[in-house]
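# Summary of the model geometry
Here are the chains, one letter per residue:
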Amino acid sequence: MEDVIRFLRERENLGIKFGLERMNVLLDRLGSPERKVPMIHVAGTNGKGSTVEMIARSLMAHGKKIGVFTSPSFYGYRGHVFINDDMMSEETFIRLMHQLLPVINDLDRQGEAPTSFEILTAIAFSYFPDRVDMAIIEAGMGGRFDTTNCIDPVISVITSVAIDHEQFLGSSLEAISHHKAGIIKRNRPVIVGPLASEAKTVIEKEAEKQQAKLFSYGEDFRVEKRGDGYLWFDKDGFQIPFTLNLKGKHQVENAAVAIMVLNYLERFESFPIDWRLVAKTLRHVRIPGRFEAIGSRPTIILDSAHNVKAIEAFIETAKPYFEQKRARLLFAGFKDKRLAEMIERLIKEDIDLTVTTFQHPRAAEKSFYTELLSKHPTLKFVDDWKKEIRSFLTDAAPEEVMFVTGSLHFTMFVRHWLTTNTQKQSKQP
């Protein structure tokens, strides 16, 4: 396994390559495994991971074996691929790598070296046949030219469209929507979450071009607040009450999309759904790094708000803490994001805000924040995020809260460190 990890890490220097040519070669040589499993394809700027989790958990509650391919991974390379709650074993991962290696070597010689993510995608698609009832595939970036877009899914899902990954997808909603709309396949339904008008127009045109039935949030299905919970309903009058453990309006919208996927499976794919079981499942879904509380008195809340739109959703959810003047915020992000705009938005909330850095080639370092630090005297920078968190846990009043946000990678580094240290402390006499 160490050899496999070294091999894949070396290939990360290839960066991101758009296009499906290499994937088509890999999968063709493997016997087209992606055609042997019914799949749901999920793209979107924000909300992909949460929506995938809600769909997967709901189907698993019905006794189904569900494969999930997701990114990024917080458990190494094998952590991209799950069947229910189980990662692929090291032995299976190595065996599938051996099967792929001759094809990889051929492509290398042709000057078409596949990236680590392309190899991982091919491994996932090879792993699922004969093991799962259905697979849910999360797009890595964009959609149209994303590595995962070589499947013919049962359903395509676009959760949201916002400005992100501009160097790859473009700087307008129309350009980014063009990429997301690329996962729409001919005569396959597409379910979309709340969209701005510019994005909606692009996606509607693509759906019409592909003769794909379109189900839109706000038109074909919607959610209303009812008491302590919510009511999902479609335009035919079908209703489902549900509650969520997940915080934030955006998670309610993600749940609405997930329910629409399940509704479609029942109505058009002869997949019986026990809606009481779905409601029970949604009530208990917890997702690492999505407004997740670690510990209590004081509390640390992790939320991977990694772009401007996600920061706005985070602020809306965290507002009660901000207003009570008992919150601190630790932020770190990737330098290729709109970090200045994100931080300026956070500064408006009059919160105790500290920026930091972390071990990752894309992480913004202190020099990146120089102008912001000089412009905003209340903004602070620390080199060592672990020291900052230790200080909070030692000195904070019991009712205080520290938010950790920014890059999903950063929040997961913090989560791993916090949970590991908590476990170590709990084992001490």
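Since the model is a prediction, treat every value here as computed from it, not as a measurement.

## Some points on the overall build of the chain
- Of the regular secondary structure elements, the chain holds 15 helices and 17 strands.
- Here the C-alpha atoms of the chain give a radius of gyration of 22 Å, agreeing with the 22 Å that 2.2 N^0.38 yields for 429 residues.
- When its C-alpha atoms are laid out on the principal axes, the chain stretches across 60 × 55 × 50 Å.
- In the chain, which comprises 429 residues, the proportion classed as buried is 55%.
- A sequence separation of at least 24 residues applies to 73% of the contacts in the chain between residues at least 6 apart.
- A total accessible area of about 19700 Å² is found for the chain, and carbon and sulfur atoms account for 47% of it.
- Taken as two groups, the 58 positive and 57 negative side-chain charges of the chain have centres that lie 2 Å from each other.

## Quick word on the pairing of strand S11 (residues 239–242)
- In S11, alternate side chains face the same way, and those of Ile240 and Phe242 are buried while those of Gln239 and Pro241 on the opposite face are not.
- Linkage of strand S10 (residues 229–234) to S11, two consecutive antiparallel strands, is achieved through a turn of 4 residues, within which Gly237 is found at a positive phi near 95 degrees.

## Some points on the confidence of the model for the chain
- In the predicted model, the chain carries a mean pLDDT of 91, and 96% of its residues have values of at least 70.
- Ignoring residues within four places in sequence, the model shows residues 423–429, a span with pLDDT below 50, making 0 contacts including any to other chains.

## What to know about the pattern of salt bridges
- The tally for this structure, following the rule as stated, stands at 24 salt bridges.
- Linking Arg57 and Asp85 is a salt bridge whose minimum nitrogen-to-oxygen distance equals 2.4 Å. Separated by 28 residues along the polypeptide, Arg57 in helix H3 (residues 48–61) and Asp85 in the loop between strand S3 (81–83) and strand S4 (86–87) bring together distant segments of the chain.
- Judged by its relative accessible area of 48%, Asp85 is partly exposed.
- Via salt bridges that share partners, Arg22, Glu112 and Glu118 belong to a single interconnected network.

## What to know about the sheet that holds S3
- With mixed pairing, the 8 strands of this open sheet are ordered in space as S4-S3-S2-S5-S1-S6-S7-S8. With partners counted over all chains shown, the strands left at the sheet margins are S4 and strand S8 (214–216), one partner each.
- Two strands pair when backbone bridges link them, and strand S2 (residues 66–69) and strand S5 (residues 134–138) are joined in this way by 4 bridges, in the parallel orientation. Residue Val68 lies in a different strand from S5, and its bridge partner there is Ile136.
- Across the sheet, helix H5 (residues 116–127) touches strand S1 (39–43), S2, S3 and S5, and the angle it forms with S2 is around 175 degrees.

## A word on the packing of aromatic side chains
- If you walk through the whole model with that rule in mind, you get 25 aromatic pairs.
- Aromatic pair Phe215 and Tyr264: ring centres 5.8 Å apart, planes at 70 degrees, arrangement edge-to-face. One end of the pair, Phe215, is in strand S8; the other, Tyr264, is in helix H9 (residues 249–268), with 49 residues separating them in the sequence.
- Given a relative accessible area of 10%, Tyr264 falls into the buried group.
- Ring centres of Tyr369 and Phe381 lie 6.1 Å apart, and the angle between their planes is 40 degrees; this geometry places the pair in the tilted category. Of the two residues, Tyr369 sits in the loop between strand S15 (352–355) and helix H13 (370–375) while Phe381 sits in strand S16 (residues 380–381), which places them 12 residues apart along the sequence. The same class applies to Tyr369 and to Phe381, which are both buried.
- Of the aromatic side chains, those joined through ring pairs into one cluster are Phe334, Phe358, Trp385, Phe410, Phe413 and Trp417.
- Lys213 extends its terminal NZ or CZ atom over the ring of Phe215, reaching a point 5.5 Å from the ring centre.
- Across from the ring centre of Tyr230, 5.0 Å away, lies the NZ or CZ of Lys225, which sits over that ring.

## Quick word on unusual backbone geometry
- Along the chain, Ser71 connects to Pro72 via a cis peptide bond; the corresponding omega equals -5 degrees.
- Residue position: Pro72 is located in the loop between S2 and S3.
- Here Arg297 and Pro298 are connected by a cis peptide whose omega angle stands at -5 degrees.
- Structurally, Pro298 can be placed in the loop between strand S12 (292–294) and strand S13 (299–303).
- Even without being a glycine, Asp130 presents a positive backbone phi close to 70 degrees.
- Of note, Asp130 is situated in the loop between H5 and S5.
- Among the residues examined, Asp130 registers a relative accessible area of 84% and is labelled exposed.

## A look at helix H14 (residues 385–395)
- Within H14 the residues assigned to the buried category are Trp385, Ile389 and Phe392. Buried residues of H14, seen end-on, are gathered within an arc of 60 degrees and therefore sit on one face of the element. Away from the buried face of H14 by more than 90 degrees, exposed residues Lys387, Thr394 and Asp395 are located.
- Here H14 starts with a cap whose side-chain oxygen sits 3.0 Å from the backbone nitrogen of Lys386, and that cap is Asp384.

## Here we look at the environment of Thr378
- Within the fold, Thr378 resides in the loop between H13 and S16.
- Looking at Thr378, the relative accessible area reads 61%, which means it is exposed.
- Sequence spacing of Thr378 and Asp350 is 28 residues, and the spatial spacing of their C-alpha atoms is 9.2 Å.

Cut-off values and rules
Residues numbered from 1 in each chain as written. Predicted model: local features only at pLDDT ≥ 70, side-chain atom pairs only at ≥ 80, totals over all residues. Heavy atoms only, no water. Helix = DSSP H or I, 4+ residues; strand = E, 2+ residues; numbered from the N terminus. Rg over C-alpha atoms; globule rule 2.2 N^0.38 Å. Buried < 20%, exposed > 50% of the residue type's maximum accessible area, 1.4 Å probe, protein only. Contact = heavy atoms within 4.5 Å. Areas by Shrake-Rupley, 256 points an atom, 1.4 Å probe, with all protein chains shown as cover. Lys, Arg positive; Asp, Glu negative; His and termini not counted. Charge placed at Lys NZ, Arg CZ, Asp CG, Glu CD. Pairing = 2+ DSSP bridges. pLDDT = per-residue confidence, 0-100. Salt bridge = Lys/Arg side-chain N within 4 Å of Asp/Glu carboxyl O. Axes fitted to C-alpha atoms, helices over the stretch in contact; angles between N-to-C directions. Phe/Tyr/Trp six-rings, centres within 6.5 Å; stacked < 30°, edge-to-face > 60°. Lys NZ or Arg CZ within 6 Å of the ring centre and 35° of its normal. Arc of directions from axis to C-beta. Polar contact = N/O pair within 3.5 Å; in protein donor to acceptor, adjacent residues only side chain to side chain.

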